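# Reading the structure
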Amino acid sequence: MQMMQTKLRHLMSPMDFSTDELAKLLELAADIEANQEKYAHVCQGKKLATCFYEPSTRTRLSFEAAMLNLGGSVLGFSSADSSSAAKGESVSDTIRVISCYADICAMRHPKEGAPLVASEHSRIPVINAGDGGHQHPTQTLTDLYTIYSLLGRLDNLTIGLCGDLKFGRTVHSLMGAMVRYPNIRFVLISPEELRIPSYVRDNILVKNQAPYEEVERLEDVIHQLDILYMTRVQRERFFNEEDYVRMKDFYILNKEKMELARKDMIVLHPLPRVNEISVEVDDDPRAVYFLQAQKGVYIREALILTLLGLRP
Ligand code: CP
């Protein structure tokens, strides 16, 4: 195992990495995926803390699988109720304590900015594993790695983002990361009420002069797309159940709609899905969302190694 000199570094947003750094991270993930034995003991003696104040299956368990694959150990909590947050402890106090127990921490929190606050009081790298409706940078790393693995490029792409573009933090993070590559065009497919927030439009699309169109009907645009990124309507972020019920089945990707798409389009979804992709689509070779979840382990391994400054 090699230890490289690194200064304390956190991951709050996918834009924290330059495109050159991202390229290195993707290459490292590809090497890990192809040579898993080589990395099996790199993190021996290191501990990952997973501090999840909000439910998760993929992010928490793929982080844990990543650290175990690297020969390290994991500790943590999977809900605010099972931590001292339930007694009123602040995130800044919690991370001070976690810094005594672990070498690196992945944190998910319902409040936007909570992982950033933690990073400001931490002695160990903190990874934002999703903060409210704001950012989900490791999902974006997973998305980039999946796109790069399957299509061989991150430029010259027409990307359709479909569903809850208002509350879907994965969409905001992905747009911010992709806008930095040449010739990326976005097709934003959502009902009027779930369009991207104006701060995302201004800070990402307008600022970077990224071409985009906003439409409501998936059927009208699916034929143009290299990538269709489906999202779930985020029930937990709605202020009332009635609005959620009205919106939840606005889009259902089924075989009929897939017939309108190109043969080489890929369908991504951060998961979990509810009804927005019919299970009949799962057998279509273009439906790669379960493979995407698997690739999330390799990119998180690459991230852990990079932030800890370790190599085999
Ligand atoms: N994609 C994603 O963040 O899934 P989980 O909520 O299960 O972690």
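Residues numbered from 1 in each chain as written. Predicted model: local features only at pLDDT ≥ 70, side-chain atom pairs only at ≥ 80, totals over all residues. Heavy atoms only, no water.

### Details of the site of the ligand
How we decide: Here a residue is near a molecule or strand as soon as one of its heavy atoms is found within 4 Å of it. A 3.5 Å cut-off defines polar contacts: any pair of N or O atoms within that distance qualifies, except that in protein one atom must be a possible hydrogen donor and the other a possible acceptor, and neighbouring residues in sequence count only when both atoms are side-chain atoms. Side-chain classes follow a simple rule in which Ala, Val, Leu, Ile, Met, Phe, Trp, Tyr, Cys and Pro form the nonpolar group, Asp, Glu, Lys and Arg form the charged group, and the remainder, Gly included, forms the polar group. Start and end positions for the domains come from either an automated domain assignment or a database one.
Inspection of the region around the ligand gives Ser56, Thr57, Arg58, Thr59, Arg108, His136, Gln139, Pro270 and Leu271 as its neighbouring residues. In the environment of the ligand, a nitrogen atom lies 3.0 Å from a nitrogen or oxygen atom belonging to the side chain of Gln139. Within the contact set of the ligand, a nitrogen atom lies 2.8 Å away from a backbone nitrogen or oxygen of Pro270. Looking at side-chain class alone, the shell around the ligand contains two nonpolar, five polar and two charged residues. For the shell around the ligand, the domains that each give at least three residues are domain 1 (2-136 + 296-311) and domain 2 (138-292).

### Things to note about the pairing of strand β4 (residues 104-109)
Heads up, the rule is: Throughout, exposure labels follow a simple rule: accessible area from a 1.4 Å probe, protein chains only, divided by the maximum for the residue type, with under 20% read as buried, over 50% as exposed, and the rest as partly exposed. A run of H or I in DSSP becomes a helix once it reaches four residues, and a run of E becomes a strand once it reaches two; helices and strands are each numbered from the N terminus. Here a strand pair is declared whenever DSSP counts at least two bridges between the two strands. For a crossover, the right-handed case is the one in which the path from the first strand over the helix to the second runs clockwise, viewed with the strands pointing away from the viewer.
Burial within β4 is extensive, with six of its six residues counted as buried. Both faces of β4 are covered, namely the face carrying Ile104, Ala106 and Arg108 and the face carrying Cys105, Met107 and His109. Pairing analysis gives five bridges linking strand β2 (residues 47-52) to β4, with the strands arranged parallel. Following the sheet pairing, Cys51 is matched in β4 by Met107. One ladder, built from four bridges, connects β4 with strand β5 (residues 126-131); its direction is parallel. Among the inter-strand pairings, Cys105 is bridged to a residue of β5, identified as Val126. Viewed along the sheet, the connection from β4 through helix α4 (residues 114-120) into β5 turns out right-handed.

### A look at the sheet that holds β4
Counted only if it meets this: Only the stretch in contact is used when fitting a helix axis, every axis being a line fitted to C-alpha atoms; angles between N-to-C directions are given from 0 to 180 degrees. Note on definitions: a residue-residue contact is assigned when non-hydrogen atoms from the two residues lie within 4.5 Å.
An order of β3-β2-β4-β5 is seen for the four strands of this open sheet, with the pairing classed as parallel. The open sheet has two edge strands, β3 (73-77) and β5, and neither has a second partner. Recorded for the sheet is a direction-independent mean angle of 15° between the axes of neighbouring strands. Strands β2, β3, β4 and β5 of the sheet are contacted by helix α2 (residues 58-69), whose axis makes an angle of about 175° with β2. The sheet contacts of helix α3 (residues 91-101) involve β2, β3, β4 and β5, and relative to β4 the element is tilted by about 155°.

### Some remarks on the pairing of β3
Along a regular strand, successive side chains alternate from one face of the sheet to the other. Two strands pair when backbone bridges link them, and β2 and β3 are joined in this way by five bridges, in the parallel orientation. In the strand pairing of β3, Ala49 is matched with Leu75.

### Thoughts on the environment of Tyr251
Of note, Tyr251 is situated in the loop between α8 (241-247) and α9 (255-258). Residue class for Tyr251 comes out buried when judged on its relative accessible area of 8%. Counting along the chain gives 34 residues from Tyr251 to Arg217, while the straight-line C-alpha distance between them is 8.7 Å. Apart from residues no more than four positions distant in its own chain, Tyr251 is found in contact with Cys162, Gly163, Ile189, Ser190, Pro191, Val215, Glu216, Leu218, Met230, Asn275 and Glu276.

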